[in-house]
Amino acid sequence: MATSRTGTSAWLNTARKVLRDAQDNGQTKCVYCMHTLNYQDRRAFNGAQVDHIIPHSKGGTDDRSNLIVCCRQCNISKGNRIAPKTKSILARQPLKTSRNW
């Protein structure tokens, strides 16, 4: 049995559907930094990951309307902050992270 909220079968199924829908709709770029998404290797710096627009810790839900696909680097560096209103703002000024990609 999963011990984390994102390890549950309900979350994993939702995340899988969001990723599949994004790929079917032709989303090839991260909505924050405009890097090309890698749907095959989600652990790569540009791996496609599902992100909450309003973080769960700030009252956001796991509803598909609150989820967006972005690259792993942006997802990790965004942390529990609310997504910027202007999606291309991170393309001009990327979030800072301590990780060396």
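None of these values were measured; they are calculated from a predicted model. (Residues numbered from 1 in each chain as written. Predicted model: local features only at pLDDT ≥ 70, side-chain atom pairs only at ≥ 80, totals over all residues. Heavy atoms only, no water.)

Chemist: I tried to follow the overall build of the protein chain on my own but got confused; where do I start?
Modeler: When helices and strands are tallied, the protein chain shows three helices and two strands. In the protein chain, buried positions account for 35% of the 101 residues. When contacts within the protein chain are restricted to residue pairs at least 6 apart in sequence, those whose partners lie at least 24 apart make up 54%. As displayed, the protein chain has an accessible area near 6,500 Å², and 49% of this comes from carbon and sulfur atoms. (Helix = DSSP H or I, 4+ residues; strand = E, 2+ residues; numbered from the N terminus. Buried < 20%, exposed > 50% of the residue type's maximum accessible area, 1.4 Å probe, protein only. Contact = heavy atoms within 4.5 Å. Areas by Shrake-Rupley, 256 points an atom, 1.4 Å probe, with all protein chains shown as cover.)

Chemist: Sorry, what's going on with the pattern of salt bridges here?
Modeler: Once their charged atoms are close, side chains differing in charge can pair, the charge on each being opposite to the other. The final tally for this structure, using the stated rule, is two salt bridges. A salt bridge links Arg-64 to Asp-21, with the nearest nitrogen and oxygen atoms 1.9 Å apart. Remark: Asp-21 occurs in helix H1 (residues 9-24) and Arg-64 occurs in the loop between strand E1 (48-52) and strand E2 (67-71); sequence separation between them is 43 residues. Take Arg-64: its relative accessible area is 40%, and that puts it in the partly exposed class. What makes Asp-21 partly exposed here is its relative accessible area of 30%. For the salt bridge of Asp-51 with Lys-78, the shortest nitrogen-to-oxygen distance reads 3.2 Å. Pair noted here: Asp-51 is in strand E1 and Lys-78 is in helix H2 (residues 72-78), with a separation of 27 residues, a long-range link. We classify Asp-51 as buried; its relative accessible area is 4%. Here Lys-78 falls in the buried class, since its relative accessible area comes to 3%. (Salt bridge = Lys/Arg side-chain N within 4 Å of Asp/Glu carboxyl O.)

Chemist: For this particular structure, what's the right way to read the pairing of E1?
Modeler: Two faces belong to every sheet, and in a regular strand the side chains alternate between them. Burial analysis of E1 places five of its five residues in the buried class, which makes it a mostly covered element. The alternating pattern of E1 places Ala-48, Val-50 and His-52 on one face and Gln-49 and Asp-51 on the opposite face, and all of these are buried. Here E1 runs beside E2; their pairing, made up of five bridges, is antiparallel. Looking at E2, one finds that Asp-51 is bridged to Ile-68. (Pairing = 2+ DSSP bridges.)

Chemist: Would you take a moment to explain unusual backbone geometry for this structure?
Modeler: Among all residues except glycine, the phi angle is most often negative; among peptide bonds, the trans geometry is most common. We note that Met-34 has phi near 70°; this positive angle belongs to a residue other than glycine. Looking at the secondary structure, you find Met-34 in the loop between H1 and E1.

Chemist: Whenever I open this one, a positive patch on the surface confuses me. Can you help?
Modeler: A surface patch of positive charge is lined by Arg-16, Lys-17, Arg-20 and Arg-42. Looking at the element boundaries, Arg-20 is found in helix H1. (Patch = residues over 30% accessible without salt bridge, like charges linked within 9 Å, V, L, I, M, F, W, Y side chains within 5 Å. Lys, Arg positive; Asp, Glu negative; His and termini not counted. Charge placed at Lys NZ, Arg CZ, Asp CG, Glu CD.)

Chemist: How should the nonpolar core be read in this particular structure?
Modeler: The nonpolar side chains of a soluble globular protein tend to be buried with one another. Formed by 20 residues in total, the largest nonpolar core has its most connected members in Cys-30, Tyr-32, Leu-37, Tyr-39, Val-50 and Val-69. Of all elements in the fold, only H1, E1 and E2 reach the threshold of two or more residues within this core. (Core = buried A, V, L, I, M, F, W, Y, C linked by side-chain atoms within 4.5 Å.)

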